[in-house]
Amino acid sequence: MSGCLQINSQKWKLSGSEGLKLFLPRVRLDNSIYFQTDWSFVPPEDEVATVPADAPKLRLRLIGFVPGLRDWRELENLFLGYSEPIDGKELPDTRGPDIWIWQPGITDPLRFGHWETDLKFGERHGHEFDFTLEGLARSERASKYRRENAMKEFFGQPLPPEWEVPEWVNEGDTLSFEGRIEFREIFCSVPINSPQPLEWARQLARRELAVEQFGHCRVNGGNYSTGEYNPKDGISETGRLVVLSAAAA
């Protein structure tokens, strides 16, 4: 586990990671696989090993989607974002993930919904991927300027020449992260009446994401050690939630 986060001029050291989670079944929109990852960070001068578990930390959450993903290994060198990728492969009609940022001890996320993001899965190392993220949350006046130009472009009106574009067009909060992320879990929603929900979920993951081996698997809310569960465990509006762990590297 490694990584370094910078928000504007402030740097943070990676303290903990829940790994990369993939979700099944697919979302019908673009036949997509949704993903989520959560990290926690401490100031760079702190020693991670000595920070109490309950100490306030900065938290970062990403939620995004990958259209048409058929093999989890195909995340390698994949770009998702607003900008043109320098290298690697890019899928059509994709965008960067949504970001939630919680400052230490703060319950409201920092400017949720305003971030333009570029994400790159890099080289794969077993179940880990090199990982970079760039984000920009434009200021109010920069956002307004961009919206107005987008409307002009939509209606075929002329845009201002480059020399008239204000210097502050890209001002705002910036974010960058560089490190590695581990593919760790698959969350599967299976039919409530399935007599073997774990095997049903494994077959789904094999078919949809070419997962070959699994680690610990369980019904959400059931007994973690024994795998036993009650009829009401894991029940949601979409079915029964099963959590499949990736096999240890």
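In this convention, every chain numbers its residues from 1, walking through the sequence in written order. Restriction of local features to residues with pLDDT of at least 70 applies here, the model being predicted, together with a cutoff of 80 or more for giving and counting side-chain atom pairs; totals for whole chains, interfaces and linings are based on all residues. Side-chain numbers come from the whole structure's heavy atoms, not from hydrogens or water.

### Some thoughts on the overall build of the protein
Right, on to step 1. Here a strand is any run of E in DSSP of at least two residues, a helix any run of H or I of at least four, and the numbering for each starts at the N terminus. In terms of helices and strands, the protein carries 2 helices and 13 strands.
Right, on to step 2. The principal-axis extents of the C-alpha atoms in the protein amount to approximately 65 × 50 × 35 Å.
Right, on to step 3. Think of it in three bands: residues with accessible area under 20% of the maximum for their type are buried, residues over 50% are exposed, and the middle band is partly exposed, with areas taken using a 1.4 Å probe on protein chains only. The buried share among the 249 residues of the protein stands at 42%.
Right, on to step 4. The Shrake-Rupley method, run with a 1.4 Å probe sphere, supplies the accessible areas, and residue values consider only the shown protein chains as cover. Total accessible area computed for the protein in this model is approximately 14,200 Å², and 49% of it derives from carbon and sulfur atoms.

### Side note on unusual backbone geometry
Right, on to step 1. The omega torsion across L24 and P25 is 0 degrees, close enough to zero to call that bond cis.
Right, on to step 2. Positive phi, close to 55 degrees, is recorded for N8, a residue that is not glycine.
Right, on to step 3. Within the secondary structure, N8 sits in the loop between β1 (3–7) and β2 (10–27).

### Observations regarding the pairing of strand β4 (residues 58–67)
Right, on to step 1. Counting buried positions along β4 gives 7 out of 10 residues, so the element sits mostly inside the fold.
Right, on to step 2. Strands are labelled as partners when DSSP assigns at least two bridges between them. For strand β3 (residues 32–42) and β4, the ladder comprises 10 bridges, and the chain directions are antiparallel. Bridging across to β4, I33 finds its partner in V66.

### Concerning the packing of aromatic side chains
Right, on to step 1. The pairing test for Phe, Tyr and Trp rings, Trp by its six-membered ring, is centres within 6.5 Å, and the orientation test on the planes gives stacked under 30 degrees, edge-to-face over 60, and tilted for anything in between. Applying the stated criterion across every chain, the model contains 13 aromatic pairs.
Right, on to step 2. Ring plane angle 65 degrees and centroid distance 6.2 Å describe the contact between F131 and F177, whose orientation is recorded as edge-to-face. In this pair, F131 is assigned in strand β9 (residues 128–138) and F177 in strand β10 (residues 172–190), connecting sequence segments 46 residues apart.
Right, on to step 3. Residue classification places F131 among the buried positions, given a relative accessible area of 1%.
Right, on to step 4. What makes F177 buried here is its relative accessible area of 2%.
Right, on to step 5. Aromatic ring contacts, followed pair by pair, group F35, W39, F41, W72, F121, F129, F131, F177 and F183 into a single cluster.

### Brief notes about the side chain of T117
Right, on to step 1. Looking at the element boundaries, T117 is found in strand β8 (residues 115–125).
Right, on to step 2. Counted as a polar contact is a pair of N or O atoms within 3.5 Å, where, for protein atoms, one must be capable of donating a hydrogen and the other of accepting one, and residues adjacent in sequence contribute only when both atoms are in side chains. A polar atom in the side chain of T117 sits 2.8 Å from the backbone oxygen of P97.

### Brief notes about the pattern of salt bridges
Opposite charge on two side chains lets them pair, provided their charged atoms get close.
Right, on to step 1. Salt bridges, as used here, are contacts in which a Lys or Arg side-chain nitrogen is within 4 Å of a carboxyl oxygen on Asp or Glu. With the rule as written, the count across this model stands at 15 salt bridges.
Right, on to step 2. Ionic pairing is found between R180 and E128, a salt bridge with its closest N-O pair at 3.4 Å. Pair noted here: R180 is in strand β10 and E128 is in strand β9, with a separation of 52 residues, a long-range link.
Right, on to step 3. Residue R180 is classed as partly exposed on the basis of its relative accessible area, which comes to 30%.
Right, on to step 4. Of the charged contacts, one joins R184 and E182 as a salt bridge, the two residues approaching to 3.0 Å between their closest N and O atoms.
Right, on to step 5. The exposure class of E182 is partly exposed, given its relative accessible area of 30%.
Right, on to step 6. The network of salt bridges with common partners includes R26, R70, R207 and E208.

### Here we look at the side chain of S245
Right, on to step 1. Examined against the element boundaries, S245 turns out to sit in strand β13 (residues 239–246).
Right, on to step 2. The buried category is assigned to S245, whose relative accessible area is 14%.
Right, on to step 3. Looking at S245, its side chain comes within polar contact range of the main-chain oxygen of H216, at 2.9 Å.

### A short note on the pairing of β3
Working note: regular strand, side chains alternate between the two faces of the sheet.
Right, on to step 1. Where burial is concerned, most of β3 is hidden: 10 out of the 11 residues are buried.
Right, on to step 2. Here β2 pairs with β3 via 9 bridges, running antiparallel. Its bridge partner lying in β3, G16 is registered against S40.

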